[in-house]
Amino acid sequence: PVLDRIDLITVRLPFVKPFATSVHTWAVKEALLLRLESDGVVGWGECVADPDPFYASETTQTVRHIFKEFLLPLLTPGQTIGELLKRWSPVRGHGMAKAMVENALLDLIARQQNRPLHDLLGLPARRIQSGISLGIQDSIPALLDAVADAMSRPYHRVKLKIMQGKDIEWVRAIREAYPKLMLMADANGDYRLEHAAHLRDLDAFNLTMIEQPLSYSDIVQHAALQQELATPLCLDESIHDLDDARSALALKAARVINIKQGRVGGMIESLRIAALCQQAGIGVWSGGMDETGIGRAFNLQLQTSPGFTLPGDTSETSRYFKEDIVEPGVVLADDGFIALPAGTGIGVTVLEERVARFTLYRESLR
Ligand code: OSB
Ligand code: MG
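Residues numbered from 1 in each chain as written. Chains lettered and ligands numbered in written order. Predicted model: local features only at pLDDT ≥ 70, side-chain atom pairs only at ≥ 80, totals over all residues.

By the naming in an unreviewed UniProt entry, the protein chain is o-succinylbenzoate synthase, taken from Undibacterium danionis. Listed under Cofactor (unreviewed entry) in UniProt, the entry text for the protein chain is "a divalent metal cation". (UniProt positions renumbered as here; feature names shortened; annotations may be inferred.)

Structure below.
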């Protein structure tokens, strides 16, 4: 498409409550949005990078730099997304920056063609499974309260953040209260291989998986740990692209992969990873980065792919934001499924007045 306007917009939305992992606690959602306009049609992308490097090494500032200096100059009217991704291939890494641009272009193209994004990607509509990710709590009673609160809605599975010192007994408490719940734990890399015997205690609780127990960059040691555990391991932070997924599969480092389209370079790379995993019999699901409604809408569209067999981290909007920047927000039906939003592109309407209200900084590049 011929782009008449290109805007980078930094928004900051307050969280209803802070979100804590083993690494960091986030009290607000600060995100970089990309707004593309062509002939009156607008496409949106949301970058999953935080202002800090506490989930991944990319930050909103590195994304701004890579976008302006290296990705934007390679955007030309008339090229297909496939051609663009090829032209970008010399840019090593920076999957979050690439995903932001790819996403905005896909939304724009789908809206120009008056069809939903999943349809543009060749995927029929379907309802999406739900899951919730509970941040680290101060105490086991507080955690039990948080789970009870989550279970007041019909989520298909619950993910609990764990860290050293807040693990075995915390999982045990939930499992005793909810024997049949589909439950998993995410350590965000807090353990080392020497903790294998300790982590083996988690095998007693019938967890669906343990996500990223070891370092954010590791694949090989996860393979060694998987040999020691009955519970399937899942990789999140370590998988940056299709090649990382190939390595993880070849080494048997995980039996599940958490695909965050915003981390691995976008929707197209995600579908490639999902196809690879499906062939190998490896489960995949869509993670989340507590995105605003824009990023969440991409994650929902992605999950129409049949490879996504496990419930993801798509929870109701109201858990994170009192006011979001899109309509409609994510709401669970009585059976826990999420209906795809019905509009064209990513299906939701971006409320520009809300975007303006939450804007910290806006830069027009064309
Ligand atoms: O490790 O999956 C993670 C959120 C921010 C940073 C890392 C992670 C998460 C989540 C997803 O757990 C939460 C969500 O999007 O609802
Ligand atoms: Mg994770």
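In terms of regular secondary structure, the protein chain is built from 12 helices and 13 strands. What you see for the protein chain is a C-alpha radius of gyration of 20 Å, in line with the 21 Å of a compact globule of 366 residues. A principal-axis box enclosing the C-alpha atoms of the protein chain has dimensions of 60 × 40 × 35 Å. (Helix = DSSP H or I, 4+ residues; strand = E, 2+ residues; numbered from the N terminus. Rg over C-alpha atoms; globule rule 2.2 N^0.38 Å.)

This part covers the packing of helix α9 (residues 242-251) against helix α10 (residues 267-280). Where α9 contacts α10, the axes come no closer than 9 Å and their chain directions differ by 20 degrees. It follows from the interaxial angle that α9 and α10 lie roughly parallel. Regarding α9 and α10, the two cross each other, and that crossing is right-handed. Taking contact as the criterion, the partners of L242, A245, R246 and L249 in α9 are, on α10, E269, R272, I273, L276, C277 and A280. (Axes fitted to C-alpha atoms, helices over the stretch in contact; angles between N-to-C directions. Parallel < 35°, antiparallel > 145°, perpendicular 65-115°, else oblique. Left-handed = near helix turned anticlockwise from the far one by under 90°. Contact = placed C-beta atoms within 7 Å.)

Reading across the sheet, the four strands line up as β3-β2-β1-β13 and stay open at both edges, with antiparallel pairing between neighbours. Either end of the sheet is taken by a strand with one partner, and the two such strands are β3 (41-47) and β13 (359-364). Shown here is a sheet whose adjacent strand axes are inclined to one another by a mean of 25 degrees, direction ignored. Where strand β2 (residues 25-38) and β3 come together, seven bridges link them in antiparallel fashion. If you follow R35 over to β3, its bridge partner there is W44. Along the sheet, helix α1 (residues 60-71) makes contact with β1 (5-20), β2 and β3, crossing β2 at roughly 20 degrees. (Pairing = 2+ DSSP bridges.)

Near ligand 1, the surroundings consist of T21, Y55, S133, D186, N188, D236, G287, G288, M289, D290, D313 and S315. Partitioned by chemical class, the residues of the shell around ligand 1 number two nonpolar, six polar and four charged. (Near = placed C-beta within 6 Å. Nonpolar A, V, L, I, M, F, W, Y, C, P; charged D, E, K, R; others polar.)

Judged by pairing direction, the sheet is parallel, and its seven strands sit side by side in the order β4-β5-β6-β7-β8-β9-β10 without closing on themselves. Either end of the sheet is taken by a strand with one partner, and the two such strands are β4 (132-134) and β10 (283-286). Pairing of strand β8 (residues 233-235) with strand β9 (residues 256-259) involves two bridges; the strand directions are parallel. Across the sheet, the residue bridging to C234 is V256, located in β9.

What follows concerns α1. Taken together, the buried positions of α1 are occupied by T60, V63, I66, F67 and L71. All buried residues of α1 project into a common sector of 125 degrees when viewed along the axis, lining one side. Residues of α1 that are buried sit in contact with β1, β2, β3, α2 (81-88) and α3 (95-112). (Buried ≥ 20, exposed ≤ 12 C-beta atoms within 10 Å, placed from the backbone. Arc of directions from axis to C-beta.)

According to UniProt, the feature "domain: Mandelate racemase/muconate lactonizing enzyme C-terminal" (unreviewed entry) maps to residues 141-232 in the numbering used here. Split by type, residues 141-232 is 38% helix and 11% strand. Its first and last C-alpha atoms lie 27 Å apart.

Turning our attention to the pairing of strand β6 (residues 183-186). Going residue by residue along β6, you find L183 and A185 tucked away on one face and M184 and D186 tucked away on the opposite face as well. A crossover links strand β5 (residues 158-161) with its parallel partner β6, the connecting element being helix α6 (residues 168-177), and its sense is right-handed. For β6 and strand β7 (residues 210-211), the ladder comprises two bridges, and the chain directions are parallel. The residue bridging D186 from the neighbouring strand is E211, located in β7. (Right-handed = clockwise from strand over helix to strand, strands pointing away.)

With that settled, consider the pairing of β9. Regular strands show a simple pattern: their side chains alternate between the two faces of the sheet. Side chains V256 and N258 project from β9 onto one buried face, and the interleaved I257 and I259 project onto a second face that is buried too. Note that the unit made of β8, α9 and β9 has a crossover that is right-handed. Between the parallel elements β9 and β10, the chain passes through α10 in a crossover that is right-handed.

In this section: the domain arrangement of the protein chain. Domain annotation for the protein chain reports domain 1 (5-120 + 350-364) and domain 2 (132-344). The C-alpha centroid of domain 2 is placed 22 Å from the C-alpha centroid of domain 1. Between domain 1 and domain 2, the residue contacts involve 39 residues of the former and 37 residues of the latter. Elements with a minimum of two residues in the side of domain 1 that touches domain 2: β1, β2, β3, α2, α3, α4 (117-120) and α12 (352-358). With nine residues, the top contributor of residues to the side of domain 1 that touches domain 2 is α3. (Domains from an automatic or database assignment.)

In this section: the environment of C47. On the secondary structure map, C47 appears in strand β3. Between the alpha carbons of C47 and T76 there is a distance of 21 Å; along the sequence they are 29 residues apart. Excluding residues within four positions of it along the chain, C47 makes contact with A31, L32, T60, V63, M96, A97, M100 and G262.

Phi is mostly negative for residues that are not glycine, and the peptide bonds are mostly trans. With an omega of -5 degrees, the peptide bond between E327 and P328 qualifies as cis. Despite not being glycine, Q212 has its phi angle at roughly 40 degrees, a positive value. When you line up the elements, Q212 lands in the loop between β7 and α8 (220-228). Here D290, not a glycine, exhibits a phi torsion of approximately 35 degrees, which is positive.

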